[in-house]
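Each chain is listed here by its residues.
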Amino acid sequence: MREGAAKEPKSRWLAAAQLGLLSSTFSTLVSQLAAAQLGRDAAVDWMTVAAIPGRDAMLSASPSVYAIALGIAFHQWADFSWALVFFGLFGRWTSRLAPGTLFWLAIPWAVFTSATEWFGLVPLFPFFQPIFTLQQPYWIGFLVHLSSALIYPLFAWLRWPLGRAPPTSAVRFAKRWAAGALLVLATLGLVSVVDGLGWPPPILSRDVAGDQPYGNASRARH
C-alpha cells in the first residue's frame, strides 16, 4: 500500500507552486545577469518594478536596497502567480501536456502574461501605476516572462515526489531541460564576471545610444 502511494503524483497545485518558485527565481537571475548586455541597469529596473506596489516613493536617483529587494520580491510573486494560473487553475488541461509542447507554448504564454501586466494590470486595475510602462519598454517584460515560461517543461518532473519520478520520456526531457537551464545561468554568470573585469561584450539592443547609459550605469555599480 505504501509502495503504491509512493507512485502517486503530487497535487498539481503543489507542483505548480514549486515550479513557480523555480521559474520566478530563474527569471530573476536571468534578468539580473543579462541586464547590462541588454543595455539596462538591473537596479533601476528593480526599482521601477518596486514602484508598482510601493508607489512613487520607491523612485530615487540612486535605487535603495529596500526598493531593489521589493522589486525582486514583487517580480517573483507575479511569476509565481502565473505558474499557479497555468498549472493550477488551468491544470485540468495543462498538467498533462508534454514538456516539448510546453516549450512551444512558452512564447504565446509570455506574450499573454506580459501584455496583460503591461497594458492592463499595472497601469490600470488593480495597481493604477503608469510609471512602470513609462520607464520600462514592453520587450523587456516579454523577455522576463519568456525566461520564466521556459522553465515550465520541468513540471513533468516536479509532479512527482523527489526521487520517485518514473523513467518516462517526459521526465527524462525535463531533467535534461533543467540541466540546460543551469548551463544558461552559468554562461550568463561567466559573461557577468568577464564584464565586471573590464571586458564588456557588445550590448544587444536596437537602441544602443538610448540604452547605453543604463548599461554603463550597471557596470559602474560593479
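Residues numbered from 1 in each chain as written. Predicted model: local features only at pLDDT ≥ 70, side-chain atom pairs only at ≥ 80, totals over all residues. Heavy atoms only, no water.

Caption draft 1: Structural view of the side chain of His75. Topologically, His75 is positioned in helix α4 (residues 65-89). A residue is classified by how much of its surface remains accessible, and His75, at 9% relative accessible area, is buried. (Helix = DSSP H or I, 4+ residues; strand = E, 2+ residues; numbered from the N terminus. Buried < 20%, exposed > 50% of the residue type's maximum accessible area, 1.4 Å probe, protein only.)

Caption draft 2: Highlighting helix α10 (residues 169-196). Taking 1.5 Å per residue as the helical rise, α10 with its 28 residues ought to reach 40 Å, and the 41 Å between its terminal C-alpha atoms agrees with that figure. Those residues of α10 that fall on the buried side of the exposure criterion are Val171, Ala174, Ala178, Ala181, Leu185 and Asp195. (Expected span 1.5 Å × (residues − 1).)

Caption draft 3: Just the packing of helix α3 (residues 42-54) against α4, in detail. One way to put it is that α3 packs onto α4 with a least axis distance of 7 Å and a crossing angle of 70 degrees. Considering the angle they form, α3 stands roughly perpendicular to α4. Where α3 approaches α4, its residues Ala43, Trp46, Met47, Val49, Ala50, Ile52, Pro53 and Gly54 are matched on the opposing element by Ala67, Ile68, Leu70, Gly71, Ile72, Phe74 and His75. When the residues that make up the contact of α3 with α4 are grouped by side-chain class, the tally is twelve nonpolar, three polar and no charged. (Axes fitted to C-alpha atoms, helices over the stretch in contact; angles between N-to-C directions. Parallel < 35°, antiparallel > 145°, perpendicular 65-115°, else oblique. Contact = heavy atoms within 4.5 Å. Nonpolar A, V, L, I, M, F, W, Y, C, P; charged D, E, K, R; others polar.)

Caption draft 4: A look at the side chain of His145. Within the secondary structure, His145 is located in helix α8 (residues 138-149). Once residues within four sequence positions are removed from consideration, His145 is found in contact with Asp79, Trp82, Ala110, Thr113, Ser114 and Glu117.

None of this, on its own, says anything about what the molecule does.
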